[in-house]
Amino acid sequence: MSTAASRGVILYGPPASGKDTVTRALSDIDPAFSLFSRVKIGPGRSAGYRMGTPEQLEELRASGAVVYENSRYESTYVTDRPGLDEAFAHGVPVMHLGQVDGVRAVLDRYPAQWLTVLLRCPREITEARSIGRGDTDTTARLAAWDATRADLDDNPDFRFDLTIRTDKVGPEAAAEQIRQALTATRGNGDLVLVDFDDTLIDRLAAVTAWVAGYCTEHDLGPAVEQRMLEAMQIRADLDVIEALCAELGLPDSPSELWSRYEPELAALVTPFPGVIEALTAVRKAGHQVVVVTNGGAKIQHAKLKASGIADAVDAVCISGAIGIRKPARGIFEAAAANVGRNLSRGGWMIGDNADLDVAGGRAAGLRTIWISHGRNWPGGAQPDHITSTAVEAIAHIAGGVR
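Below or above, wherever it landed, is the structure these notes cover.

Conventions used here
- For every chain, the first residue of its written sequence is number 1, and the numbers climb from 1 along that sequence.
- Where totals are concerned, whole chains, interfaces and linings use all residues; where local detail is concerned, this predicted model gives features only for residues with pLDDT of at least 70, and gives and counts side-chain atom pairs only at 80 or more.
- Values reported for side chains reflect all heavy atoms of the structure, with hydrogen atoms and water molecules removed beforehand.
- Only the stretch in contact is used when a helix axis is fitted, and all axes are lines through C-alpha atoms; the angle between N-to-C directions ranges over 0 to 180 degrees.
- Numbering of helices and strands runs from the N terminus, with a helix taken as a DSSP run of H or I at least four residues long and a strand as a DSSP run of E at least two residues long.
- Orientation is classified from the angle alone, with under 35 degrees giving roughly parallel, over 145 giving roughly antiparallel, 65 to 115 giving roughly perpendicular, and any other angle giving oblique.
- It is the rotation of the near helix from the far one that decides the hand of a crossing: anticlockwise by less than a right angle makes it left-handed, clockwise makes it right-handed.
- For this analysis, residues touch if any pair of their heavy atoms sits within 4.5 Å.
- Exposure categories follow from relative accessible area, calculated using a 1.4 Å probe and restricted to protein chains: below 20% of the type maximum is buried, above 50% is exposed, and the middle band is partly exposed.
- Pairing between two strands is assigned when DSSP locates at least 2 bridges connecting them.
- The distinction between a cavity and a pocket rests on a 1 Å grid over the protein atoms alone: a 1.4 Å probe fits inside a cavity but cannot get out, while a pocket stays open yet meets protein on both sides within 12 Å along at least five of seven lines, and a residue with an atom within 4 Å of a point counts as lining.
- Grid points are joined across faces, edges and corners, and a volume is the space filled by probe spheres set on the points.
- Just so you know the grouping, Ala, Val, Leu, Ile, Met, Phe, Trp, Tyr, Cys and Pro go in nonpolar, Asp, Glu, Lys and Arg go in charged, and all remaining residues, Gly too, go in polar.
- Take a side-chain nitrogen of Lys or Arg and a carboxyl oxygen of Asp or Glu: if they are within 4 Å of each other, that pair is a salt bridge.

### A closer look at the packing of helix α5 (residues 123-132) against helix α6 (residues 138-154)
- Taken N-terminus to C-terminus, the directions of α5 and α6 make an angle of 155°; their axes are 10 Å apart at the nearest point. When the interaxial angle is binned, α5 and α6 end up roughly antiparallel. As for how α5 packs across α6, the hand of that crossing is right-handed. Each of R123, T126, E127, S130 and I131 in α5 lies in contact with α6, whose residues at this interface are T138, R141, L142, W145 and D146.

### As for the pairing of strand β6 (residues 75-80)
- With 6 of its 6 residues buried, β6 lies for the most part within the structure.
- Every second residue of β6 is oriented toward a common face, with S75, Y77 and T79 on one face and T76, V78 and D80 on the other, all of them buried.
- Here 3 bridges tie strand β3 (residues 39-41) to β6, and the two strands are oriented antiparallel to one another. Paired with K40 across the two strands is Y77, which belongs to β6.
- In the sheet, strand β5 (residues 66-72) pairs with β6 via 6 bridges, with the strands oriented antiparallel.

### Considering the sheet that holds β6
- Strand order across the open sheet formed by 4 strands is β4-β3-β6-β5, with mixed pairing between neighbours. Edge positions in the sheet fall to β4 (50-51) and β5, since each of these pairs with one other strand and no more.
- Here 2 bridges tie β3 to β4, and the two strands are oriented parallel to one another. What sits directly across from K40, in β4, is M51.

### Here we look at helix α15 (residues 329-337)
- G330, I331, F332, A335 and A336 are the residues of α15 that are buried.
- Along its buried surface, α15 packs onto β10 (191-194), β11 (288-293), β12 (315-318), α14 (319-322), β13 (348-351) and α16 (354-363).

### Topic: the layout of surface pockets
- Of the volumes computed, that of the second largest pocket is approximately 900 Å³.
- Around the second largest pocket, the lining comprises 41 residues; the ones closest to its centre are K19, D20, R45, Y49 and R141.
- Of all the secondary-structure elements, those providing two or more residues to the lining of the second largest pocket are α1 (19-29), β5 and β7 (92-97).
- Residues belonging to the lining of the second largest pocket are distributed by class as follows: 14 nonpolar, 15 polar and 12 charged.

### Examining the packing of helix α11 (residues 254-268) against helix α13 (residues 297-307)
- Close contact between α11 and α13 brings their axes to 8 Å; oriented N to C, the two are set at 25°. Between α11 and α13, the angle is such that the two are roughly parallel. Considering how the two elements wind past one another, α11 and α13 form a crossing that is right-handed. Within the contact between the two elements, α11 uses W258, Y261, E262, L265 and A266 and α13 uses K298, I299, A302, K303 and A306.

### Observations regarding unusual backbone geometry
- The omega torsion across K326 and P327 is 15°, close enough to zero to call that bond cis.
- Its place among the elements puts P327 in the loop between α14 and α15.
- Although it is not a glycine, H373 adopts a positive phi angle of roughly 50°.
- By the secondary structure assignment, H373 is in the loop between β14 (367-371) and β15 (385-387).
- By relative accessible area, which is 38% here, H373 ends up partly exposed.

### Observations concerning the pattern of salt bridges
- The final tally for this structure, using the stated rule, is 19 salt bridges.
- One salt bridge connects E217 with R260, and the closest N-O pair in it is separated by 2.9 Å. With E217 in helix α8 (residues 203-218) and R260 in helix α11, this pair connects stretches of sequence that are 43 residues apart.
- Residue D314 is joined to R283 by a salt bridge in which the shortest nitrogen-to-oxygen separation is 3.1 Å. Residue D314 is found in the loop between α13 and β12, and its partner R283 is found in helix α12 (residues 275-284); the two are separated by 31 residues along the sequence. Per residue, the accessibility class of D314 equals that of R283, and both read buried.

These figures capture arrangement, not role.
See below:
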């Protein structure tokens, strides 16, 4: 089930207005964007649809699961609640509609943060594109273009959030406009950058558990366990693993050990209590949240997904993916750009590392909150605020503190 903070895109336009190409361009920008496949009952093209039967349609109707349905090209097309629930659970659905009544129905019957986009192109462009892609029903598609034009004329009071002329704007540029507009609908809240390891998740506990399990499995003893934990508790990458294998004569080769460490650690990580709920609340309050973390792209993505954090924030920025590590300003700039912002508007940086998160955040022009985990401030330029946990830090911002 979606929430008011769930984000989706509705692309409205006549046939061959570019809905498919713009959707592919959106997915190229961010894989979280994906086509919402409506249920189709009838003949013709099946690609991009979930094909159904008349019996299944009756079941959807009887259970109240139909958000909107319409008939065209001798087929019935259904926007269904279970399908939308599934789509929102996995990312940002992009829905294709050609009726204003359908757009109204989705907005009214399926609460979410919808961005409505009108894709326009002249009738002759629709004809040329339809012929060019080998459609056998170009005449019917031109009739649908006429119906779409009449539909817009019949609904002069409906205002789309964004209008794009696809004969003037290419699919990549159109996708970027949509991404930025969807980001802007988050409101005028703050940019909230937040560290990942040992701020949102208990990485140390996961590493400790993994090292203990590995050493028990191979009967390596407490001295080896302690040495591995000392080496891996702050940072663990292939270089660290190679050094440990050489020093301790571990039973696996470095590549074997690393290949099992990545997925096994991801399976062990858990958010600190209340983190998911706090992230949901601060985003619902209109703030944009981006995880900013040092580390390898593959292992960090795995941990973000396994912990549920990936689905609870607006974007993530990983040093291994962009080649810039905290505390360099560039990683904070890249994180802000991921949600269509720049650092000139300010924002917050939350983290447990005084140098990487606080000093780095301050140098980038951000207000900072240090997560103490019960420690004393180690010295240096003070953060704007100190809390014991990320939940307290996020609540501080969600409460409207400036």
